[in-house]
Amino acid sequence: MYPKLQYISQGKTIEEQLYNIHQALDAGCEWIQMRFKNQTEKNTFALAESVKFLCEEYLAHFIINDDVYLAQQIAADGVHLGLTDMKITEARTFLGTTKIIGATANTFEDIVFQTQNGCDYIGLGPFQFTETKEKLSPILGIEGYAYIFNKLKAEDIQIPIYAIGGITLENIESLITTGVHRVAVSGMITKSSQKEKLIQQLNEKLYANIIV
Ligand SMILES: Cc1ncc(COP(=O)(O)OP(=O)(O)O)c(N)n1
Ligand SMILES: Cc1ncsc1CCOP(=O)(O)O
Ligand SMILES: [Mg+2]
């Protein structure tokens, strides 16, 4: 099963991205999503090659944001796709069944739709406001997660779900009360001056529950 913590990379340059990813891996992150927006094909490819090498060294999962072709080209472990990116069914046909395909959802209906289309996990959010992403979907808050997780339970829908969007260490316990046991985070780890301690604390909270 996938790690319960996914780090989404940040950085405006290849160097900044590599620095942040290396730091996250050194601090114990076991799953990296490379998110490098508005870049040339050449830059994105160069970064992806270096990140693949790093993730292999650290035995970490490595997925790429948005770009299914790049994920295949460099043999990444998979891809994360939003509601306006390539369709999950198309990506599955292209990548096959061995690759991880993550899908974004903002509502219960999105989760049902993306799950039926064959994704492996869901990134559900945004939890709260974040500067990391522009054009955010409606904020879910604790109430939104509680509502959606109740419906998932009632309809016995089972798929790994990662909360995302402005999440901090202080939010984890209340998220867990709603049924969330997995998070995808960017700013909290990138900005932390004590990454190793933070990741240890996050994992302690996420793995404290018996649900895996
Ligand atoms: C784990 C995870 N969940 C959601 C997203 C958001 O994807 P998307 O809606 O396609 O937005 P961009 O990240 O492409 O701006 C994600 N990346 N990861
Ligand atoms: C990519 C993405 N999709 C919804 S919120 C978000 C940003 C997550 O980053 P952060 O943890 O810094 O809010
Ligand atoms: Mg996207």
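Worth saying up front: this structure is predicted, and the values here are computed from it rather than measured.

**Q** Explain the state of the cysteines here, please?
**A** Disulfide: a covalent bond formed between the sulfur atoms of two cysteine residues. Taken as a whole and judged by the stated rule, the model has zero disulfides. The thiol sulfur of Cys55 is not disulfide-bonded, and the nearest other cysteine sulfur, from Cys29, lies at 9.9 Å. Classification of Cys55 as buried rests on a relative accessible area of 2%.

**Q** I would appreciate a short explanation of the UniProt feature "binding site: 4-amino-2-methyl-5-(diphosphooxymethyl)pyrimidine" (unreviewed entry) in the chain in the present structure.
**A** Those residues carrying the UniProt feature "binding site: 4-amino-2-methyl-5-(diphosphooxymethyl)pyrimidine" (unreviewed entry) are Gln33, Met34, Arg35, Phe36, Lys37, Asn65, Thr104 and Lys133 in this numbering. Lining the largest pocket, from the residues named above, are Gln33, Arg35, Lys37, Asn65, Thr104 and Lys133. Its place among the elements puts Gln33 in strand β2 (residues 31–34). Using a relative accessible area of 3% as the deciding quantity, one classes Gln33 as buried. Not counting residues within four places of it along the chain, the set of residues in contact with Gln33 comprises Gln6, Tyr7, Ile8, Ser9, Ile63, Asn65, His80 and Tyr121. Apart from residues lying up to four places away in sequence, Lys37 is in contact with Asn65 and Asp66.

**Q** Would you mind showing me how to read the site of ligand 2 here?
**A** Surveying the vicinity of ligand 2 reveals the residues Arg35, Thr130, Thr132, Lys133, Ile164, Gly165, Gly166, Val185, Ser186 and Gly187. At a separation of 2.5 Å, an oxygen atom of ligand 2 approaches a polar side-chain atom of Thr130. The contact in question runs from an oxygen atom of ligand 2 to an N or O atom on the backbone of Ser186, over 2.9 Å. Relative to its free-state accessible area of 370 Å², ligand 2 is covered by the protein chains to the extent of 90%. Here ligand 2 is seated within the largest pocket. Class assignment for the residues of the shell around ligand 2 results in two nonpolar, six polar and two charged.

Reading the values: rules and limits
- Counting from 1, residues in each chain are numbered in the order their sequence is written.
- Going through the entries in the order they are written, you letter the chains from A and number the ligands from 1.
- Under the rules for a predicted model, residues below a pLDDT of 70 receive no local features and side-chain atom pairs below 80 are neither given nor counted, while totals for whole chains, interfaces and linings still include all residues.
- By convention in this description, side-chain values take in all heavy atoms of the structure and omit both hydrogens and water.
- For this text, the term disulfide refers to a pair of cysteine sulfurs within 2.5 Å.
- Only protein chains enter the calculation, and the probe is 1.4 Å; a residue is then buried if its accessible area is under 20% of its type maximum, exposed if over 50%, and partly exposed in between.
- UniProt positions are given in the numbering used here, feature names are shortened, and annotations may be inferred rather than shown by experiment.
- A pocket, in this scheme, is an open set of points on a 1 Å grid over the protein atoms alone with protein on both sides within 12 Å along at least 5 of 7 lines, while a cavity is a set where a 1.4 Å probe fits but cannot get out; residues line either one if an atom lies within 4 Å of a point.
- Comment: elements are numbered from the N terminus, with helices defined as DSSP H or I runs of at least four residues and strands as E runs of at least two.
- Note on contacts: a residue pair is in contact if any heavy atoms of the two residues lie within 4.5 Å.
- Here a residue is near a molecule or strand as soon as one of its heavy atoms is found within 4 Å of it.
- The definition of a polar contact used here is a pair of N or O atoms within 3.5 Å, where within protein one atom must be able to donate a hydrogen and the other to accept one, and adjacent residues in sequence count solely through side-chain atom pairs.
- Method for areas: the Shrake-Rupley scheme with a 1.4 Å probe, in which residue coverage is limited to the protein chains shown.
- In this description, a molecule resides in a pocket or cavity if more than half of its atoms sit within 2 Å of the grid points defining it.
- Each residue gets one label: Ala, Val, Leu, Ile, Met, Phe, Trp, Tyr, Cys and Pro are nonpolar, Asp, Glu, Lys and Arg are charged, and the others, such as Gly, are polar.

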